[in-house]
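# Observations on the model geometry
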Amino acid sequence: MKTSRFTVWLPYLWLLIFFLAPFALVLKLSLSEPAIAIPPYNPVLTWEEGIAGWWVDLKRLSFENYRFITEDSLYWKSYLSSVWIATVSTLLTLAIGFPLAYGMARAPRAMRPVLLMLVILPFWTSFLIRVYAWIGILKKEGLLNQFLLWAGLIDQPLTILNTDVAVYIGIVYSYLPFMVLPLYANLEKQDATLLEAAADLGCTPFRAFWTVTWPLALPGVLAGCFLVFIPAVGEFVIPALLGGSDTLMIGQTLYDEFFKNRDWPVSSTVAVILLAILIIPIVIFQRLQQREAGA
Amino acid sequence: MKTLLIALATSIFVFPALAQERVVNVYNWSDYIDEDIISDFEEETGIKVRYDVFDSNEILETKLLAGGSGYDVVVPSASFLERQITAGVFQELDQSKLSNSANLWDEVSNRTEVYDPGQKYSINYMWGTTGIGYNVGAAEERGVAVDSWDVIFDPDKISKFADCGIHLLDAPTEVIPAALNYLGKDPDSRDKAELEEAAALVEQVRPHIQKFNSSEYINALANGDICLAVGWSGDVFQARDRAAEADAGVEVGYSIPEQGALMWFDQMAVPADAGNVEEAHEFLNYMMRPDVMAKASNYVYYANGNKASQELLEEDVINDPAIYPPAAVLEKLYTIRAYDPRTQRTVTRAWTKVKTGS
């Protein structure tokens, strides 16, 4: 009995150590104010005066930083722009990832492990290097432009690098495996005899896909979409390397607060609100998963 | 988070010292030293140097403010150093161990005095200017002399270069003072209205600027991909040398505009929590030897704050007016102090508006 209770608690312990505890620290930081010191803020809710001190501290807590970021349009514009970029990237990833996963799931059984391996293979190289490689591909005198010029499709090199298009390409490329893997896991489990039954009853393959395969694949689609969407909203590296100076994303805004303004409290506030924005889709996802598990 | 950062920093940078092995952990800007200097120092003193690099003052500052960085010698720019001294990041240097400090150049130390009065906490490593790097051929073709900030801030002039690419440093503390100076204001102004006016000036020429960056412009200038860049002197010289080596018809020039330019200083200092204070002082003292500093400047093409090293400098360094400007030009160079948090926020915000339009 004891072991099983432990296994139940293990995920919660994990959540406590790697999510709740750091989040509590960030939340605490977001309520403090900056200072020129090591560390660069005046801590609130310290242990020095015990529990009684906490009560006094609690009453003194200031939500000044939260008020501050509602005052400047920069912050909500950054959130909005990040959510937009993440949404577009997620849909593009789905559009490319679904046929890929479908093809893999329908491939001869013996080939599937090889195909799966090929999807995972890019992870063996550093993420940073792979994003860097895109600079060489997308720049004006890069491989893509050279190829298009050679093929006679364009006569002037395209400006792709340092634009939002490059950011989309970078995100779709980097997160594609996160879309393909849950989709593949779902599609591979689907019972092929259902499609045969549909065909026997006079269903066209196209209609069979939309009435049988797609609804059954929805949990995989949602899992893939969340796995792409959530990290893409907070993405910093890809827009920093491939995006232009005018690409507005919350990761950059957070970086500026932390490193340029040295305002750890405000940057923590930005992070807490980002988490609040992301929690909504995560909760929906959880609900859907529970429903699936219950069904 | 603090403890996490410390744990991370120490696990990466502080290895358990082997018995009796003397070490010094140095954290300097990237591409900023002749590596022979490090091996010479190790050979002469038997102290092992663990050399690590950064590429922005912000990264260095964040590590120092988080505490427990594990470094013994760090090299912030003077305006950052000033604030870090206030925060209690550094320890006072033991002057009795710095016998070579007599070699320092008063022209430089007098100017760094405002950041670190009495040079209690730091010594100068290199200094330079923030000016305009340009493609000589392209400027001649357009009949525009690159000798004034007009080339950047006058829409009529900058637009002539727009077709061949213009980069600006992605550092408001470098560009905003230049804009203030151009407008005839104090380059070190803290006045919100003036700072916003300066940002508006940059915003006006924003459509002509291809990219804001602080390192990419070196190669872009050298390859002839761009023809104008507001950048750091030594970086532009690197671009000049790379262009000359490539011999592909690109000639890069550097101009300290007639209205003057920002003069900056990179200072060597010892963090308060340094573990190898003795070795750090030996390193600093070594770096103040005339032959060592001459070697350093001959390699990186930046001027140094060491008077005695000047006669050992190569001709193309000491006689280059862009590296060692003549007295008349030196007089026009201006310096800026550390921004207080409120001003810093105004400047960062205005800069984001310049870059993203929102």
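Positions within a chain are numbered from 1, following the residues in the order the chain's sequence is written. Lettering of chains starts at A and numbering of ligands starts at 1, both following the order in which they are written. Per-residue local features of the predicted model are confined to residues with pLDDT of at least 70, and side-chain atom pairs are confined, for both listing and counting, to 80 or more; whole-chain, interface and lining totals are unaffected and use all residues.

### Let's talk about the overall build of chain A
When its secondary structure is counted, chain A shows 13 helices and two strands. With C-alpha atoms as the basis for the radius of gyration, the globule rule is written as 2.2 Å multiplied by the number of residues raised to the power 0.38. The C-alpha atoms of chain A give 24 Å as radius of gyration, which overshoots the globular expectation for 295 residues (19 Å, by more than 25%). In terms of overall dimensions, chain A has a C-alpha envelope of 75 × 65 × 35 Å along the principal axes. Where helices and strands are cited, they refer to DSSP runs of H or I of at least four residues and of E of at least two residues respectively, numbered from the N terminus.

### Quick notes on the overall build of chain B
Broken down by element type, chain B carries 17 helices and ten strands. Taken over the C-alpha trace, chain B has a radius of gyration of 21 Å; the compact-globule value for 358 residues is 21 Å, and the two agree within 12%. For chain B, the spread of C-alpha atoms along the three principal axes comes to 65 × 45 × 35 Å. As a rule, residues whose C-beta atom has 12 or fewer other C-beta atoms within 10 Å are exposed, those with 20 or more are buried, and those in between are partly exposed; C-beta atoms are placed from the backbone. Burial analysis of chain B (358 residues in total) assigns 47% to the buried set. In chain B, 74% of the contacts between residues at least 6 apart in sequence involve partners at least 24 apart. A pair of residues counts as a contact when their C-beta atoms, built from backbone coordinates, are separated by no more than 7 Å.

### Here we look at the environment of B:Asp191
All names here are of chain B. If you trace the backbone, Asp191 turns up in the loop between helix H9 (172-182) and helix H10 (192-205). Residue Asp191 is classed as partly exposed on the basis of its 14 C-beta neighbours within 10 Å. Between the C-alpha atoms of Asp191 and Thr346, which are 155 residues apart in sequence, the distance is 9.7 Å.

### Quick notes on unusual backbone geometry
All names here are of chain A. With an omega dihedral of -15°, the bond running from Ile38 to Pro39 counts as a cis peptide bond. Tracing the chain through its elements places Pro39 in the loop between strand S1 (33-34) and strand S2 (41-42). With phi around 55°, Arg262 is a residue other than glycine that occupies positive phi space. You can see Arg262 is positioned in the loop between helix H12 (250-260) and helix H13 (264-294).

### Focus: the domain arrangement of chain A
Residues and elements named next belong to chain A. Each assigned domain of chain A is listed here: domain 1 (25-62) and domain 2 (63-294). Boundaries between domains were set according to an automatic or database domain assignment. Measuring from the centre of the C-alpha atoms in domain 1 to the corresponding centre in domain 2 gives 38 Å. At the level of secondary structure, the elements contributing two or more residues to the side of domain 1 that touches domain 2 comprise helix H1 (2-30) and S1. Among the elements that line the side of domain 1 that touches domain 2, the one with the most residues is H1, at four residues.

### Remarks on the nonpolar core
Across soluble globular proteins, you tend to see nonpolar side chains buried next to one another. In this usage, the nonpolar core is the set of buried Ala, Val, Leu, Ile, Met, Phe, Trp, Tyr and Cys residues whose C-beta atoms join them within 7 Å. Counting residues in hydrophobic clusters, the biggest one holds 107 residues, and the most contacted among them are B:Val73, B:Val175, B:Ala179, B:Leu221 and B:Leu228. Mapped onto the domain boundaries, this core takes at least three residues apiece from domain 1 (2-127 + 264-324) and domain 2 (129-262 + 336-356) of chain B. Other than its neighbours up to four places away in sequence, B:Ala179 contacts B:Phe153, B:Ala198, B:Leu201 and B:Val202. Residues A:Met104, A:Met179, A:Leu183 and A:Ile238 belong to the second largest nonpolar core, which totals 41 residues.

### Side note on the domain arrangement of chain B
Residue and element names in this part refer to chain B. Domain parsing of chain B yields domain 1 (2-127 + 264-324) and domain 2 (129-262 + 336-356). With centres defined by C-alpha atoms, the gap from domain 1 to domain 2 works out at 28 Å. Contact residues are listed per partner, giving twelve residues for domain 1 and twelve residues for domain 2. The element best represented in the side of domain 1 that touches domain 2 is helix H4 (residues 78-86), accounting for four residues. Residues were grouped as follows: Ala, Val, Leu, Ile, Met, Phe, Trp, Tyr, Cys and Pro as nonpolar; Asp, Glu, Lys and Arg as charged; and all remaining residues, including Gly, as polar. Of the residues in the side of domain 1 that touches domain 2, the class split is eight nonpolar, one polar and three charged.

### Side note on the interface of chain B and chain A
Taken together, the contact pairs 24 residues of chain B with 22 residues of chain A. Listing elements by their share of the side of chain B that touches chain A, those giving two or more residues are helix H3 (57-66), H4, strand S6 (211-212) and helix H17 (341-356) of chain B. Broken down by element, the residue count for the side of chain B that touches chain A peaks at seven residues, all from H17(B).

### Description of the pairing of strand S2 (residues 48-54) of chain B
Residue and element names in this part refer to chain B. Paired strands, in this sense, are two strands between which DSSP finds at least two bridges. As judged from the seven bridges shared by strand S1 (residues 23-29) and S2, these two strands associate in the parallel manner. Bridged to Asn28 within S2 is Val53. Call a crossover right-handed when, viewed with both strands pointing away from you, the route from the first strand across the helix to the second goes clockwise. For the segment spanning S1, helix H2 (residues 35-45) and S2, crossover handedness is right-handed.

### Structural notes on the packing of helix H4 (residues 73-106) of chain A against helix H8 (residues 164-189) of chain A
Helices that pack against each other are described as a pair by the angle of their axes relative to one another and the distance between those axes. Residues and elements named next belong to chain A. The convention used is that axes are lines fitted to C-alpha atoms, helices contributing only their stretch in contact, and that angles between N-to-C directions extend from 0 to 180 degrees. Relative orientation of the contacting elements H4 and H8 amounts to 45°, with a least axis distance of 7 Å. Taken together, H4 and H8 sit at an angle that is classed as oblique. For the pair H4 and H8, the sense of crossing is right-handed. Residues that form the contact of H4 with H8 fall into these classes: 22 nonpolar, three polar and one charged. Orientation labels follow simple angle bins: below 35 degrees gives roughly parallel, above 145 gives roughly antiparallel, 65 to 115 gives roughly perpendicular, and whatever is left gives oblique. We call a crossing left-handed when the near helix sits turned anticlockwise from the far one by less than a right angle, and right-handed when that turn is clockwise.

### What to know about H10(B)
All names here are of chain B. The length a helix should cover is 1.5 Å for every residue beyond the first. The end-to-end C-alpha distance of H10, which contains 14 residues, comes to 21 Å, matching closely the 20 Å that a straight helix rising 1.5 Å per residue would cover. Those residues of H10 not exposed but buried are Leu195, Ala198, Ala199, Leu201, Val202 and Val205. Around the axis of H10, the buried residues are gathered within 150° of arc, so they sit on the same side. On its buried face, H10 sits against helix H7 (150-153), helix H8 (155-158), H9 and H17. This arc corresponds to the set of directions leading from the helix axis out to the C-beta atoms.

### As for the environment of A:Asp200
Its location among the elements puts A:Asp200 in helix H9 (residues 192-200). Spatially, the C-alpha atom of A:Asp200 lies 72 Å from that of A:Asn42, the residues being 158 residues apart in sequence.

### Quick look at the environment of A:Val233
Residue and element names in this part refer to chain A. Structurally, Val233 is set in helix H10 (residues 205-233). Note on Val233: 23 C-beta atoms within 10 Å, which makes it buried. In sequence terms Val233 and Leu80 are 153 residues apart; their C-alpha atoms lie 9.5 Å from each other. The contact partners of Val233, leaving out residues within four places of it in the chain, are Ser82, Val83, Ala86 and Leu278.

### Here's the deal with the packing of H4(A) against H10(A)
Residue and element names in this part refer to chain A. Running from N to C, H4 and H10 point in directions that differ by 145°, and their axes come no closer than 9 Å. Between H4 and H10 lies a crossing of right-handed hand. Residues Ser82, Val83, Ala86, Ser89, Thr90, Thr93, Leu94 and Gly97 of H4 form the contact with H10, whose participating residues are Val221, Gly224, Cys225, Val228, Phe229, Ala232 and Val233. For the contact of H4 with H10, the residue count by class is nine nonpolar, six polar and no charged.

### Focus on the confidence of the model for chain B
Residues and elements named next belong to chain B. Here chain B averages 92 in pLDDT, while 94% of its residues score no lower than 70. Per-residue pLDDT, averaged within each element of chain B, yields its smallest value for helix H1 (residues 2-13) (47) and its largest for strand S3 (residues 73-74) (98). The quantity known as pLDDT measures the predictor's confidence residue by residue, on a range of 0 to 100. Low confidence marks residues 1-18, where pLDDT is under 50. Its contacts with residues over four positions away, or in another chain, come to 22 contacts. ipTM for the predicted complex: 0.82, alongside a pTM of 0.84.

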